[in-house]
Amino acid sequence: MSFPEGVSLDHTLLEELKEGFEIRKKFFGDTIYFHSPGFKHYEVDDFKVSSGPKFVDISITGRHCELMCDHCASKILWHMIPATTPEELIRVGEELKKKGIQGVLISGGSNKDGVVELMPFLKAMRYLKEELGMILTCHVGLVDKELAEGLKEAQVDAVLLDIIGDDRTIAEVYKMPHKSVKDYEASLRNLKDCGHNIVPHVIIGLHYGKILGEYRAIDLISDFEPSALVLVVVMPYYGKAKFQLLPPPKAEDSARVILHARKKLPTTHVVIGCARPAGEERFKLDVYALHAGVNGITFPAEGVFSYAKEMGLKPIVSQNCCSTVFMPQWS
Amino acid sequence: MAVVNGCNIPEDLLYDVDPEANAFTWAKDNGDGTFTIGLTSVAAAMAGRLVAYTPKKVGKTVDRRKSVATIESGKWVGPVPSPLTGEIVEINEALKGNPALVNDDPYGAGWIAKIKPSNPDEVNLLLKGQAAVEALTKVINEKGIKCG
């Protein structure tokens, strides 16, 4: 199989990953999704979506985040379309609909308790769903019962949330020593109790580039029957100055986390999300992820789309956010 | 040097400007049979701060308007289309560690690659002087680009 010159793969690891590939073949066959949502122009030699965007992100806080975690420092919000009042959210939704946008992810910065304050926006969100007929996903922080119920009334199609599996990461990276893994577990429970489709995310390398709570987070998630699991890898250049100097986890270490997820959630869609380091490391991670049996990859590194076909997989290109992988896709 | 909306456009370089082809590149004759190529300040501003630079291999021949490298920012991932057909003879190793040099010094330390053209006639397709300034100014105005 062909891959860029100078890139070497760990063949012992590839052997280990076969177990994951067998699981995906057994439960999902040969279909693999490659996602290219509309918030980013993405064009590499073997993968490009030519038509206009169909799925975009909206931030209800603009670029503002009170939490300012070390790994992100709010930069993940910068590419999102701001809509900081319910009225603005309705107006933005209507404008997007006219432009052919069919789905939105609504998120925003967190308060100091790790909550994205969505309550005032629930009616506007319901308008986007009911009146505009949009696919509506929501990337939240911690969720209490009231917010979980409100999101259900807003008819959100899927609720996305980052799950952290170690209290030290919550205290140090997220600056929330008053919160713990139990709060994340309670959020999952609150959402499931309301009947939500949940799509937890695990950020590999979140603890300053080291693997720490990832395995526990996946174990925890597997108790709540998620609709899909999204795995991403920390991108140091997004973070605060001290984070920018740190190396992200090795692709090989991330691959072992992916394999663990595949084994823990054999019948659930496990996908690689848009956030992960760029360049050669992305290629290695994506190739390992294919071998580990993931169901989808967002913005595949150059050569990965072709590589997947050489592996015998049958690609489906989707312009949706990867968190909707369990729903019908638009290509 | 022309400056439009804060975007520098040195008039002593050759330019390939075509929005349809995502071509906003420059080329400079090194006088030894090779050309240094790079992104204009306009392209760098459109892409945003770069976080990755993945060049094609030295020795590879690329056609005009085909990718000589892939660049990545937070909002844009795409090819750098070569303004000329030719063999890649050198890539910019400094960009691997610091891709944002393209933003900080697009016509200097942020060069993308050096190529040895195999079709000298293509040089005549490139814009120079006032024609280049006008073409890039049109792009700047139509897309509302500001540099710096």
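Residues numbered from 1 in each chain as written. Chains lettered and ligands numbered in written order. Predicted model: local features only at pLDDT ≥ 70, side-chain atom pairs only at ≥ 80, totals over all residues. Heavy atoms only, no water.

K.L.:
Outline the environment of Lys210(A), supporting the account with residue identities and numerical values.
P.N.:
Residue and element names in this part refer to chain A. Residue position: Lys 210 is located in the loop between strand E9 (198-204) and helix H7 (214-222). For Lys 210, a relative accessible area of 56% puts it in the exposed group. Taking the C-alpha atoms as reference points, Lys 210 and Ile 101, 109 residues apart in sequence, are found 38 Å from one another. (Helix = DSSP H or I, 4+ residues; strand = E, 2+ residues; numbered from the N terminus. Buried < 20%, exposed > 50% of the residue type's maximum accessible area, 1.4 Å probe, protein only.)

K.L.:
Now, about the packing of helix H2 (residues 86-98) of chain A against helix H3 (residues 122-130) of chain A: what can you tell me, with residues and values included?
P.N.:
All names here are of chain A. With their axes 8 Å apart at the nearest point, H2 and H3 run at an angle of 15 degrees to one another. For the element pair H2 / H3, the angle class is roughly parallel. The two elements H2 and H3 cross, and the hand of that crossing is right-handed. Judged by residue contacts, Pro 86, Leu 89, Ile 90, Gly 93 and Glu 94 of H2 engage Ala 124, Met 125, Tyr 127 and Leu 128 from H3. The residue inventory of the contact of H2 with H3, partitioned by class, reads seven nonpolar, one polar and one charged. (Axes fitted to C-alpha atoms, helices over the stretch in contact; angles between N-to-C directions. Parallel < 35°, antiparallel > 145°, perpendicular 65-115°, else oblique. Left-handed = near helix turned anticlockwise from the far one by under 90°. Contact = heavy atoms within 4.5 Å. Nonpolar A, V, L, I, M, F, W, Y, C, P; charged D, E, K, R; others polar.)

K.L.:
Can you lay out the side chain of Asp57(A) for me, pointing to particular residues and giving the numbers?
P.N.:
Residues and elements named next belong to chain A. As for its position among the elements, Asp 57 is in strand E4 (residues 55-59). Look at Asp 57: it is buried, it has no salt bridge, and the nearest opposite charge is Lys 40 at 10 Å. At a separation of 3.1 Å, a polar atom in the side chain of Asp 57 contacts the side chain of His 79. (Lys, Arg positive; Asp, Glu negative; His and termini not counted. Salt bridge = Lys/Arg side-chain N within 4 Å of Asp/Glu carboxyl O. Polar contact = N/O pair within 3.5 Å; in protein donor to acceptor, adjacent residues only side chain to side chain.)

K.L.:
How would you explain the pattern of salt bridges if you had to name every residue and give the values?
P.N.:
When charged atoms on two side chains of opposite charge get close, those side chains can pair. Enumeration according to the criterion identifies 29 salt bridges over all chains in this entry. With its nearest N and O atoms 2.9 Å apart, the salt bridge here joins Arg276(A) to Asp286(A). On the criterion of sequence distance, the pair formed by Arg276(A) in the loop between strand E11 (269-272) and helix H10 (280-291) and Asp286(A) in helix H10 is long-range, its members being 10 residues apart. Both residues of the pair, Arg276(A) and Asp286(A), count as buried. A network of salt bridges, in which partner residues are shared, links Asp16(B), Asp18(B), Arg64(B) and Arg65(B).

K.L.:
Talk me through the interface of chain B and chain A; I want residue IDs and the actual numbers.
P.N.:
Across the contact, 16 residues belong to chain B and 14 residues belong to chain A. Surface buried jointly by chain B and chain A totals about 1,200 Å² across both partners, of which 51% is contributed by carbon and sulfur atoms. Here Arg282(A) ties to Glu72(B) by a salt bridge, and the two come within 3.4 Å at their closest N and O atoms. At the junction of chain B with chain A, the criterion picks out eight residue pairs in polar contact (both at pLDDT 80 or more). For the side of chain B that touches chain A, the secondary-structure elements that each account for two or more residues are strand E6 (50-55), strand E8 (67-73) and strand E9 (76-81) of chain B. (Buried area = accessible area lost by both parts, 1.4 Å probe.)

K.L.:
Describe the side chain of Ser110(A), with residues and values.
P.N.:
Residues and elements named next belong to chain A. Within the element layout of this structure, Ser 110 appears in the loop between strand E6 (103-107) and H3. Given the relative accessible area of 16%, Ser 110 is considered buried. Residue contacts for Ser 110: discarding those within four places in its chain leaves Cys 65, Glu 66, Leu 67, Val 115 and Val 116.

K.L.:
Describe the pairing of E6(A), listing the residues and the values that go with them.
P.N.:
Residues and elements named next belong to chain A. Of all five residues in E6, five are buried; the element is thus mostly enclosed. Here E6 shows two buried faces, one formed by Gly 103, Leu 105 and Ser 107 and the other by Val 104 and Ile 106. Note that E4 and E6 share five bridges and pair parallel. Bridge pairing in E6 places Phe 55 opposite Gly 103. As defined by bridge partners, E6 adjoins strand E7 (residues 135-140) across four bridges and the pair is classed as parallel. Note on E7: the bridge partner recorded for Gly 103 is Ile 135. (Pairing = 2+ DSSP bridges.)

K.L.:
Summarise the pairing of strand E5 (residues 35-39) of chain B; cite the residues concerned and give the values.
P.N.:
Residue and element names in this part refer to chain B. Here E5 lies mainly inside the structure; five of its five residues are buried. Of the two faces of E5, both are covered, the one formed by Phe 35, Ile 37 and Leu 39 as well as the one formed by Thr 36 and Gly 38. In this sheet, E5 lies alongside strand E4 (residues 23-29) in antiparallel orientation, the contact comprising five bridges. Its bridge partner being in E5, Thr 25 is matched across the sheet by Leu 39. Counting the residues in the hairpin turn of E4 and E5 gives five residues, including Gly 31, whose phi is positive at 80 degrees. Sheet topology note: the E5/strand E11 (residues 113-117) ladder contains three bridges and is antiparallel. Bridging across to E11, Ile 37 finds its partner in Ala 113.

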